[in-house]
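Observations on chain architecture
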Amino acid sequence: MTALTLDKINKTFGNVNVLKDIDLSVEDGEFIVFVGPSGCGKSTLLRVIAGLEDASSGTVRIGDRDVTTTPPAKRGIAMVFQSYALYPHLDVEGNMTLGLKQAGEAKPVISERVAMAAKMLSLEDYLKRRPAELSGGQRQRVAIGRAIVRKPELFLFDEPLSNLDAALRMATRVEIARLHRELGASMIYVTHDQTEAMTLADRIVVLRDGRVEQVGSPMTLYNDPDNQFVAGFLGAPSMNFLAAGPLGAAGATLGIRPEHLRVAEGGRLKGTVAHVERLGGDTNLLVTLASGDVVTVRLFGQHDHRVGEAIALDYDADKTFSFDAEGRRIRS
Ligand SMILES: Nc1ncnc2c1ncn2[C@@H]1O[C@H](COP(=O)(O)OP(=O)(O)OP(=O)(O)O)[C@@H](O)[C@H]1O
Ligand SMILES: [Mg+2]
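It should be emphasised that the depicted structure is a prediction, and the values quoted were computed from it without experimental measurement. (Residues numbered from 1 in each chain as written. Chains lettered and ligands numbered in written order. Predicted model: local features only at pLDDT ≥ 70, side-chain atom pairs only at ≥ 80, totals over all residues.)

**Looking at the domain arrangement of the chain**
- Domain parsing of the chain yields domain 1 (2-230) and domain 2 (237-330).
- A separation of 37 Å is found between the C-alpha centroids of domain 1 and domain 2.
- Tallying the contact residues gives five residues for domain 1 and seven residues for domain 2.
- Of the residues belonging to the side of domain 1 that touches domain 2, the class tally is two nonpolar, two polar and one charged. (Domains from an automatic or database assignment. Contact = placed C-beta atoms within 7 Å. Nonpolar A, V, L, I, M, F, W, Y, C, P; charged D, E, K, R; others polar.)

Here is the structure:
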């Protein structure tokens, strides 16, 4: 069954159109990630799905119900925000159960669901603590727990991990992936972090300036992007783009991912090492080419290149991408 269908969603604030003809269909149990730069409309689209914002035109269907004008509480969704918005005076259990109590759920049902969520999220030892007595990661888990206990058809997450440090982000990311497997519910997750998008999504929706640029599995978007924007947005470090010249066809831009450049004596790209980033497992070289373009080269392992060193790079032609002047992919 289809979990969510968006049909020609537009959203206008004043005379600014921030969502433009968004069509999307989410399958039952799918994990969808909305990704795109700041201000592209990710949160607004999520809020339209949640009913916190009315679409200016278009329809929202959850399952087989048209919910375009249905209030948020009746949509069968649960939303987790970047700011956890926990009630400071309630303990963890109180925060998780408030919504259920307000909805008039029976006590045994409430206890059973809280026990399940607390176990899934390793919060069993913290149920009597207030938010102020928890770490950021624990608070985040409470916010997720509050969503889980409602047993929604659809989970909506808006940058839930952006307040966490790198280690906790990764741990919580893994937890969310596991939760998704265990609950089997449909999830829509907003982030501007391409790593989160790549690692969590069944399918990624890349948004730019209120429009959908491309929808597909992470590896489809990575290996077969429709345009220069998608190619540049997914992958870290990002794809290198070389202006037309001896390398590309006239008027086209050539794209090469950093891991597809190699240091090679006599290589076609001659330049000078401008910067070296030693990450331990990887080494990134920033190389200024004779053309003036600066490219990133991602080398596996540790290498003792030095700034100022003359270097030659090479690549395989079948690992390159071509884009026309409008940034559209030219598929050969
Ligand atoms: N209530 C509002 N009134 C007017 N403009 C708004 C309103 N809410 C959002 N916008 C505008 O709509 C556009 C999309 O905003 P939105 O919050 O959806 O972006 P986003 O993709 O979530 O960005 P970020 O990654 O920074 O959270 C922005 O240009 C924003 O300024
Ligand atoms: Mg946002």
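**Quick look at the sheet that holds strand E4 (residues 57-62)**
- One open sheet holds the four strands; their spatial order is E2-E1-E4-E5, and the pairing between them is antiparallel. Strands with a single pairing partner mark the edges of an open sheet, and in this sheet they are strand E2 (16-27) and strand E5 (65-66).
- Where strand E1 (residues 2-13) meets E4, five bridges bridge the pair, whose relative direction is antiparallel. Across the sheet, threonine 5 pairs through a bridge with arginine 61, a residue of E4. (Pairing = 2+ DSSP bridges. Helix = DSSP H or I, 4+ residues; strand = E, 2+ residues; numbered from the N terminus.)

**Quick look at helix H3 (residues 107-120)**
- Taking 1.5 Å as the rise per residue, H3 with 14 residues should run 20 Å; its terminal C-alpha atoms sit 20 Å apart, in good agreement.
- Within H3, the full set of buried residues consists of Val114, Ala117 and Ala118. Down the axis of H3, the buried side of the element spans an arc of 100°, and every buried residue falls inside it. Residues of H3 that are exposed and point more than 90 degrees away from the buried face comprise Pro108, Val109, Glu112 and Lys119.
- Elements in contact with the buried residues of H3: helix H2 (92-102) and helix H4 (136-148). (Expected span 1.5 Å × (residues − 1). Buried ≥ 20, exposed ≤ 12 C-beta atoms within 10 Å, placed from the backbone. Arc of directions from axis to C-beta.)

**Re the nonpolar core**
- In this structure, Val33, Phe34, Leu154, Leu156 and Ile188 are the most contacted members of the largest nonpolar core, which totals 79 residues.
- Shared between two domains, this core takes at least three residues from each, and those domains are domain 1 (2-230) and domain 2 (237-330).
- Apart from the residues within four sequence positions on either side, phenylalanine 34 is in contact with Lys42, Leu45, Leu46, Ile188, Val190, Val205 and Leu207. (Core = buried A, V, L, I, M, F, W, Y, C linked by C-beta atoms within 7 Å.)

**Points about the pairing of strand E7 (residues 154-158)**
- Burial within E7 is extensive, with five of its five residues counted as buried.
- Burial along E7 is two-sided: the face carrying Leu154, Leu156 and Asp158 and the face carrying Phe155 and Phe157 are both buried.

**A look at the sheet that holds strand E13 (residues 262-263)**
- Pairing is antiparallel across the open sheet formed by five strands, whose spatial order is E13-E17-E14-E15-E16. Lying at the two open borders of the sheet, with one neighbouring strand each, are E13 and strand E16 (294-300).
- As defined by bridge partners, strand E14 (residues 269-278) adjoins strand E17 (residues 310-314) across four bridges and the pair is classed as antiparallel. Following the sheet pairing, leucine 269 is matched in E17 by leucine 313.

**Thoughts on helix H5 (residues 166-183)**
- Relative to the 26 Å expected for 18 residues at 1.5 Å per residue, H5 spans 25 Å between its end C-alpha atoms, a close match to the ideal helical length.
- Turning to H5, its buried residues are Thr172, Arg173 and Ile176. Across the axial projection of H5, the buried residues extend over an arc of 110°, all falling on one side. In this structure, H5 carries Ala167, Val174, Arg178, Arg181 and Glu182 as exposed residues pointing more than 90 degrees from its buried face.
- Packed against the buried residues of H5 are H4 and helix H6 (194-200).

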